[in-house]
Amino acid sequence: MTVSTATPTSPRSRPAPAARAPDPRPALATLAPADLAGCLAECGAAPYRATQLRRAAFAGGAEGFDAVPLLPRELRRALGTRLRYQTLTLAAEREADRGLTRKLLLGADDGEMVETVAMAYRAAPGHRARQTVCVSTQVGCAIGCAFCATGQLGLRRQLHPAEIVDQVRWAARQWRLAGDAPPSHVVFMGMGEPLQDVDATAAAVRALGWWGIAPRRVVVSTSGIVPAIDRLGELGLGVTLALSLHATLDPLRDRLVPLNRRWPIAACLEAGRRYARGSGRRLTLEYVLIAGVNDGDDDARRLRRIAAGAGAHCNLIPMNGIPGSPWHAPTPARVRAFAARVGPRATIRFSRGDRVQAACGQLRAELTAPAARAARILGRQDEARAIAERRPLPVLR
Ligand code: SAH
Ligand code: SF4
């Protein structure tokens, strides 16, 4: 199901550029176990080769069929003619938080680029270590939230399920190179609105399961497309739903999240409650804190009531500044005071990777005119042209 989110307030949507002829080979990323078994049988290989291949192509970080030495050479060649190993290429990688955060810039066949953020969390008392990958589902986004860099791009195109899963495989590979553990959790919180194309999101979630990431380790975040939330519930995948609330009254949410004019707060919360009841997964509310806009004491009190009524947990995210916006996060003291008013249902989430422009809402913002200008000044003409033409950047390793 693809949900049209066109509202009178989403004028930023632009037609996607003409795509190149697609690669006819099915992508390994979204190949169902039965199909992989069938493919191996056609190649005359034993079924246990599937496990070897999946391990090498995920946790093992192999770069292609040829880089899986456990498989006989003939089988590698045969698989390469039948299947597409990866749908994305790595254009650039930046690190922050002493390597705990990695931002990957990944290029698709048609030259579009998406960003993926890989965040490692070390074990701490009461917390297990986890390796979380934040994936993009679209190039740009049609919703146009007022505080979000991705929204400023407008929607360029939906990603294919394989392109979503392959972001996680790239994160696995980069972690492997760094001697880190493979991905354990995936959050659909990168560029784009995951519920604009529920079927693509659901297909990606199912495929992640084949790579060892169960739906209970997946969070899907939405700006509140009510019919799509219900559809996600009907599909019964069992992922956690995060609802991006950001305001407790409709007039303000109308301004922050234009989609609110179509599905206002009460409708979103009702859908969130239905989803939580049906899935047994506690609802998460996301609330980007913007100084002087939605961080008042009354906002906090209303958010406390809303969270209690929905049985939800609240993630408070101090806003990351974005180019061209005067808005910014409240002071740390104000953030703490707000969280205290919301109560035990609230957790403050400082965005990872702020210093590499890797935090929510900043994805790809650096690929704008200033970045192209900087590249030119530094004499990196190829990079400047690639940025301007939105082609994948020259590969940096
Ligand atoms: N489109 C979906 C998922 C991607 S956005 C959604 O809106 O839920 C993921 C999260 O990043 C959302 O909660 C969004 O509100 C938040 N976000 C967007 N811009 C941000 C910014 N400038 N600072 C902090 N968080 C931001
Ligand atoms: Fe789109 Fe989410 Fe950004 Fe809003 S916050 S513009 S829905 S990516």
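Rules used throughout
- Residues numbered from 1 in each chain as written.
- Chains lettered and ligands numbered in written order.
- Predicted model: local features only at pLDDT ≥ 70, side-chain atom pairs only at ≥ 80, totals over all residues.
- Helix = DSSP H or I, 4+ residues; strand = E, 2+ residues; numbered from the N terminus.
- Contact = placed C-beta atoms within 7 Å.
- Near = placed C-beta within 6 Å.
- Nonpolar A, V, L, I, M, F, W, Y, C, P; charged D, E, K, R; others polar.
- pLDDT = per-residue confidence, 0-100.
- Buried ≥ 20, exposed ≤ 12 C-beta atoms within 10 Å, placed from the backbone.
- Core = buried A, V, L, I, M, F, W, Y, C linked by C-beta atoms within 7 Å.
- Pairing = 2+ DSSP bridges.
- Axes fitted to C-alpha atoms, helices over the stretch in contact; angles between N-to-C directions.

Our next topic: the overall build of the chain. Across its full length, the chain holds 13 helices and 12 strands. Here the analysis covers contacts within the chain between residues at least 6 apart in sequence; of these, 69% occur between residues at least 24 apart.

Neighbouring ligand 2 are 12 residues; C141, I143, C145, C148 and G151 lie closest to it. Class assignment of the residues belonging to the shell around ligand 2 gives a composition of four nonpolar, seven polar and one charged.

Note: predicted coordinates in regions of low pLDDT should not be interpreted at a detailed level. Considering every residue of the chain, the mean pLDDT works out to 88; 83% of them sit at 70 or more. Within the model, the stretch residues 7-18 combines pLDDT values under 50 with 23 contacts to residues more than four positions away or in other chains. The low-confidence segment residues 387-397 (pLDDT under 50) makes 28 contacts with residues lying over four places distant or belonging to another chain.

A separate point is the environment of E286. Locating E286 in the fold gives a position in strand 10 (residues 284-289). When the 20 C-beta atoms within 10 Å are taken as the criterion, E286 is described as buried. For the pair E286 and S221, spaced 65 residues apart in sequence, the C-alpha to C-alpha distance is 8.6 Å. Not counting residues up to four positions away in its chain, the partners in contact with E286 are S221, A242, L243, S244, L245, N315 and I317.

Attention now moves to the nonpolar core. The biggest cluster of nonpolar side chains holds 114 residues, and the ones touching the most others in it are L106, L208, I229, Y287 and C314. Per element, the largest residue contribution to this core is eight residues, and it comes from helix 5 (residues 161-177). With residues near it in sequence (within four places) discarded, Y287 still touches L245, H246, L303, C314, N315, L316 and I317.

Taken together, the 10 strands give an open sheet; going across it, the order is 1-2-3-4-7-8-9-10-11-12, and neighbouring strands pair in mixed fashion. Pairing within the sheet leaves two strands with one partner each, and these edge strands are strand 1 (89-96) and strand 12 (346-348). Each strand axis lies, on average, 20° off the axis of its neighbour in the sheet, ignoring direction. Where strand 11 (residues 313-318) and strand 12 come together, three bridges link them in parallel fashion. Bridging across to strand 12, L316 finds its partner in I348. Across the face of the sheet, helix 5 comes into contact with strand 1, strand 2 (101-107), strand 3 (113-121), strand 4 (130-134) and strand 7 (185-188) while running at roughly 50° to strand 3.

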